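Next come the chains, spelled out residue by residue.
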Amino acid sequence: MKNPLRLYAGLSSVAVLMTLICLWVDVLWWYQHTHNQPNTASEILRFGRTAIIFLLVLLMYKNQVATGLQRWLVIAFVFVVIADWFIIIEGKLIFGILFFMVMQILLIIRHAPAMSFFITQVKNYIFPLGISILLYGGIYFWLQPLLKGHPFKEAIYIYAALLILSCFMAYVSRYKAECSGKVSVFIFWAMVLFLLCDITVLLPLIFPESSVVHFIRTTTGLFYTPSLLLLAWSGYQKQEVTTC
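On a predicted model such as this, the values are computed, not experimentally measured, just so you know.

Asks: Please give an account of the packing of helix 4 (residues 93–111) against helix 8 (residues 182–206) that cites residues and values.
Replies: Direction vectors running N to C along helix 4 and helix 8 enclose 165°, while the axes themselves pass 13 Å from each other. Relative to helix 8, helix 4 is oriented roughly antiparallel. The hand of the helix 4/helix 8 crossing is left-handed. Mapping the contact onto sequence places Leu93, Phe100, Met103, Gln104, Leu107, Arg110 and His111 in helix 4 and Ile187, Met191, Phe194 and Leu205 in helix 8. Of the residues contributing to the contact of helix 4 with helix 8, the split by class is eight nonpolar, two polar and one charged.

Below, the structure is given as structure tokens:
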């Protein structure tokens, strides 16, 4: 491809534009107190955004020297698309959560340094590991009374553990040779945004009657789209070298 970077930037811009239009549609839907009713325009825009970013990942993979780390990214995005299909189009949240669990496992594998790092460089990860454990503990004890009797309770706990572990691995990806420098920064902030995105999705499950919570839900794309784009661009190579 003669100038793939321009195409990648164009696809990224389209995804951002679709997200902004979707935000406007969802806020209008919320303002009209119809957020519990089907919103076809929003569904098309949200799933279309995910499909476009997946196309971006595929094109980057096709036009560059393939590495194992890039393959992990492509496979992870396959599960992102499937998960979003179930959540956005089918309205089956539990299936979406299950596929996102697999996606997080794939990203954990992609971003994790070698086992020798965890054995020999404890001082480089002990603090973020402690923060991750405290964060999960705080989330768990906060959710316990709120999710009592909720049918998705166990799935949410497991997914939360995988998500926080994924954030931790994203942080320590800086110690993985293939993910050094700017790439590890992209990966880490992608997962931070993914965490914030999932909080906006979780809140309506806990407080389904809150109008404020449903307004927060309209902002999901403001976290999710840049998260997916940062993950996608973490696979970009300026040169044909082995990189994440």
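Asks: I'd like a description of the side chain of serine 234, backed by residues and values.
Replies: Within the secondary structure, serine 234 is located in the segment after helix 10 (220–233). Residue classification places serine 234 among the buried residues on the basis of a relative accessible area of 0%. Here the side chain of serine 234 touches arginine 110 through a polar contact of 3.1 Å, side chain to side chain.

Asks: Explain the nonpolar core to me, using residue names and the numbers behind them.
Replies: Ranked by size, the top nonpolar core spans 59 residues in total, and within it Leu56, Phe77, Phe100, Met103, Met191, Phe194 and Leu231 carry the most contacts. Those elements giving two or more residues to this core turn out to be helix 1 (4–31), helix 2 (40–62), helix 3 (68–90), helix 4, helix 5 (115–120), helix 7 (153–172), helix 8 and helix 10. Non-local contacts of phenylalanine 100, meaning those with residues more than four positions away in its chain, are made with Val80, Ala83, Asp84, Ile87, Tyr159, Phe194 and Tyr224. Grouped together as the second largest cluster of nonpolar side chains are eight residues, Leu143, Ile156, Ile164 and Leu202 included.

Asks: Requested: an account of empty space enclosed by the protein, with residues and values cited.
Replies: Remark: the empty space left among the atoms is shown by a probe the size of a water molecule rolled over them. Evaluation of the coordinates by the stated rule reveals one cavity of 30 Å³ or more. Estimated volume of the largest cavity: approximately 40 Å³. As for the largest cavity, its lining consists of Val57, Met60, Tyr61, Gln70, Leu73, Val74 and Gly235. Elements with a minimum of two residues in the lining of the largest cavity: helix 2 and helix 3. Of the residues assigned to the lining of the largest cavity, the class counts are five nonpolar, two polar and no charged.

Asks: Any chance you could break down the packing of aromatic side chains for me, citing the residues and the numbers?
Replies: For the structure shown, the criterion picks out 21 aromatic pairs. Considering the side-chain rings of phenylalanine 100 and phenylalanine 194, the 5.8 Å spacing of their centres and the 75° angle between planes classify their relative orientation as edge-to-face. One end of the pair, phenylalanine 100, is in helix 4; the other, phenylalanine 194, is in helix 8, and 94 residues separate them in sequence. The exposure class assigned to phenylalanine 100 is buried, which follows from its relative accessible area of 7%. Judged by relative accessible area, which is 0%, phenylalanine 194 ranks as buried. Where phenylalanine 117 meets tyrosine 125, the ring centres are 5.5 Å apart and the plane angle is 45°; that geometry is what we call tilted. Taken together, the ring pairs in this structure connect Phe117, Phe118, Tyr125, Phe168 and Tyr175 into an aromatic cluster.

Cut-offs and rules
Residues numbered from 1 in each chain as written. Predicted model: local features only at pLDDT ≥ 70, side-chain atom pairs only at ≥ 80, totals over all residues. Heavy atoms only, no water. Axes fitted to C-alpha atoms, helices over the stretch in contact; angles between N-to-C directions. Helix = DSSP H or I, 4+ residues; strand = E, 2+ residues; numbered from the N terminus. Parallel < 35°, antiparallel > 145°, perpendicular 65-115°, else oblique. Left-handed = near helix turned anticlockwise from the far one by under 90°. Contact = heavy atoms within 4.5 Å. Nonpolar A, V, L, I, M, F, W, Y, C, P; charged D, E, K, R; others polar. Buried < 20%, exposed > 50% of the residue type's maximum accessible area, 1.4 Å probe, protein only. Polar contact = N/O pair within 3.5 Å; in protein donor to acceptor, adjacent residues only side chain to side chain. Core = buried A, V, L, I, M, F, W, Y, C linked by side-chain atoms within 4.5 Å. 1 Å grid on protein atoms, 1.4 Å probe; cavity = no way out; pocket = protein on both sides within 12 Å on 5 of 7 lines; lining within 4 Å. Points joined across faces, edges and corners; volume = space filled by probe spheres on them. Phe/Tyr/Trp six-rings, centres within 6.5 Å; stacked < 30°, edge-to-face > 60°.

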